[in-house]
Amino acid sequence: MEAFPVINMEKLNGEERAATMEKIRDACENWGFFELVNHGISFEQMDTVERSTKGHYKKCMEQRFKELVAAKALEGVETEIKDMDWESTFFLRHLPASNVADFPDLDLEYKKVMKDFASKLQKLAEELLDLLCENLGLEKGYLKKAFHGSKGPNFGTKVSNYPPCPKPDLVKGLRAHTDAGGIILLFQDDTVSGLQLLKDGRWVDVPPMRHSIVVNLGDQLEVITNGKYKSVLHRVVTQTVGTRMSIASFYNPGNDAVIYPATALLEKEAADQKDQVYPKFVFDDYMKLYAGLKFQAKEPRFEAMKKFEVATA
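Rules behind the numbers
Residues numbered from 1 in each chain as written. Predicted model: local features only at pLDDT ≥ 70, side-chain atom pairs only at ≥ 80, totals over all residues. Heavy atoms only, no water. Core = buried A, V, L, I, M, F, W, Y, C linked by side-chain atoms within 4.5 Å. Buried < 20%, exposed > 50% of the residue type's maximum accessible area, 1.4 Å probe, protein only. Helix = DSSP H or I, 4+ residues; strand = E, 2+ residues; numbered from the N terminus. 1 Å grid on protein atoms, 1.4 Å probe; cavity = no way out; pocket = protein on both sides within 12 Å on 5 of 7 lines; lining within 4 Å. Points joined across faces, edges and corners; volume = space filled by probe spheres on them. Nonpolar A, V, L, I, M, F, W, Y, C, P; charged D, E, K, R; others polar. Axes fitted to C-alpha atoms, helices over the stretch in contact; angles between N-to-C directions. Parallel < 35°, antiparallel > 145°, perpendicular 65-115°, else oblique. Contact = heavy atoms within 4.5 Å. Pairing = 2+ DSSP bridges. Salt bridge = Lys/Arg side-chain N within 4 Å of Asp/Glu carboxyl O.

Chemist: Any chance you could explain the nonpolar core here in plain terms?
Modeler: Generally speaking, soluble globular proteins have nonpolar side chains that are buried together. Ile 24, Phe 34, Leu 36, Leu 128, Ile 183 and Leu 185 are the most contacted members of the largest nonpolar core, which has 76 residues in total. In terms of residues, this core owes the most to one element, helix H3 (residues 108-136), which gives 14 residues. Core analysis: the next-biggest nonpolar cluster, separate from the first, contains 16 residues, Trp 31, Ile 184, Val 206 and Val 214 among them.

Here is the structure:
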């Protein structure tokens, strides 16, 4: 099987730009995932984020997980549990308004660390969206504008820890799903693995790599590209040793953003006799549907959204 796509962003600034853009295009069309190195976020900052996140988990969350989940969830269980995930998690919302004040157990220093990190990731997400526009033949800024809605994008970070599990065959760290939103940037543990994606019918490990950022595409980019780019099923498998850190930041459309296949792409595809496959809908309506169907196939979700289809102006 071909190697997992790794994109060196420094090469976008030199004579290897065209080849690097081609690697990004191939990753978006055939993987739905890629890994970034030399992405512009300093190693020092990433080390601080990792140290602070692991410290907060040990201090505030580890014991709670042991008492509420680890001690009870697998008692008497002999077949795989399909309705829970072996994870300890919280969600920080950055845009359009922060919810950081809602977490009294996050100390001031950790809040500052995460705020600074989020601002870098937001900038990187918007840079990546413009690279996707370039590859798709869309005008610069098209995807950012498509996500904007009336109040700007939704941007937030899911901070997760996946503790060791004594029976990894009985429960997933996170069950298989595609992500509902736009573009996702993940800073993951480089010593404890577990993230896998489904490619050509096989589960493939997303390799832990120090100081990299893993990128994957959400359902909304599949819709906007009329299926040219795909959101891909992925999951987290549990491990018997080590706690895996995962900091996933979601750059998603605003609640009232209207999502639909880009007209410029449809015009291009019309020449190839390819029809519009995906509906036009309000992002928040999709999220309401997704909330109950996250761990099911995405195709029925897209089909169901046709009932909510927004009239084309």
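Chemist: How do you make sense of empty space enclosed by the protein when you look at a structure like this?
Modeler: Left-over empty space is what a probe sized like a water molecule reveals as it rolls over the atoms. Tallied over the entire structure, the rule returns one cavity of 30 Å³ or more. Taken as a whole, the largest cavity encloses approximately 30 Å³ of empty space. Contributing to the lining of the largest cavity are Tyr 162, Pro 163, Val 192, Ser 193, Val 237, Thr 238, Gln 239, Gly 242 and Arg 244. Across the lining of the largest cavity, the residue classes tally to four nonpolar, four polar and one charged.

Chemist: Just to check I follow, could you spell out the layout of surface pockets for this structure?
Modeler: As a volume, the largest pocket reaches approximately 590 Å³. Of all elements in the fold, only strand E3 (88-95), strand E4 (154-162), strand E5 (172-177), strand E6 (183-188), strand E9 (213-217), strand E10 (234-237), strand E11 (244-252) and helix H7 (283-293) reach the threshold of two or more residues within the lining of the largest pocket. The element best represented in the lining of the largest pocket is E4, accounting for six residues. The calculated volume of the second largest pocket comes to roughly 260 Å³. Surrounding the second largest pocket, 16 residues form its lining, Leu 198, Ser 231, Val 232, Leu 233 and Lys 298 being those nearest its centre. Taken together, the elements giving at least two residues each to the lining of the second largest pocket come down to helix H1 (17-30), strand E7 (195-199) and helix H8 (298-304). Here the element with the most residues in the lining of the second largest pocket is H1; it accounts for three residues. Looking at the lining of the second largest pocket residue by residue, the class counts come to six nonpolar, four polar and six charged.

Chemist: Honestly, the packing of H1 against H3 in this entry has me stumped. Any pointers?
Modeler: Helix-helix packing is characterised by the crossing angle of the two axes and by the distance between the axes. Two elements in contact, H1 and H3, have axes separated by 10 Å at closest approach and are oriented at 90 degrees. If you check the angle between H1 and H3, you find them roughly perpendicular. On H3, the residues touching Arg 17, Met 21, Ile 24, Arg 25 and Cys 28 of H1 are Leu 131, Leu 132, Glu 134 and Asn 135. In terms of residue class, the contact of H1 with H3 is made up of five nonpolar, one polar and three charged.

Chemist: Please clarify how the pairing of E11 should be interpreted in this entry.
Modeler: On any regular strand, side chains alternate: one points to one face of the sheet, the next to the other face. The buried count for E11 comes to nine of nine residues, which makes it a mostly enclosed element. Here E11 shows a buried face lined by Arg 244, Ser 246, Ala 248, Phe 250 and Asn 252 and a second buried face lined by Met 245, Ile 247, Ser 249 and Tyr 251. With nine bridges joining them, E4 and E11 adopt antiparallel strand pairing. Across the sheet, the residue bridging to Ser 160 is Ser 246, located in E11. As paired strands, E6 and E11 are joined by six bridges and run antiparallel to one another. Among the inter-strand pairings, Gln 188 is bridged to a residue of E11, identified as Ser 246.

Chemist: Which parts of the structure should I look at to understand the sheet that holds E6?
Modeler: Strand pairing in a sheet takes place through backbone hydrogen bonds and is either antiparallel or parallel in direction. The seven strands are arranged E1-E2-E9-E6-E11-E4-E3 in an open sheet whose pairing can be described as mixed. In the strand order of this sheet, the two ends are held by strand E1 (6-8) and E3, each with one partner. In this sheet, neighbouring strand axes are inclined to one another by 25 degrees on average, regardless of whether the strands run parallel or antiparallel. On the sheet, H1 packs against E1, strand E2 (33-37) and E9 and is oriented at approximately 150 degrees with respect to E1. Across the sheet, helix H2 (residues 43-70) touches E3, E4, E6, E9 and E11, and the angle it forms with E3 is around 130 degrees.

Chemist: Sorry if this is basic, but what is going on with the pattern of salt bridges here?
Modeler: Think of it this way: side chains of opposite charge can pair up when their charged atoms draw near. Going through the model one piece at a time under the given rule, you end up with 22 salt bridges. For the salt bridge of Asp 47 with Arg 210, the shortest nitrogen-to-oxygen distance reads 3.0 Å. One end of the pair, Asp 47, is in helix H2; the other, Arg 210, is in the loop between strand E8 (202-205) and E9, and 163 residues separate them in sequence. The closest approach of N and O atoms between Lys 288 and Asp 284, which form a salt bridge, is 3.5 Å. In this pair, Lys 288 and Asp 284 both sit in helix H7, four residues apart, roughly one turn of the helix. Salt bridges here are not isolated pairs; linked through shared partners, they connect Asp 47, Glu 50, Lys 54, Asp 189, Asp 190 and Arg 210.

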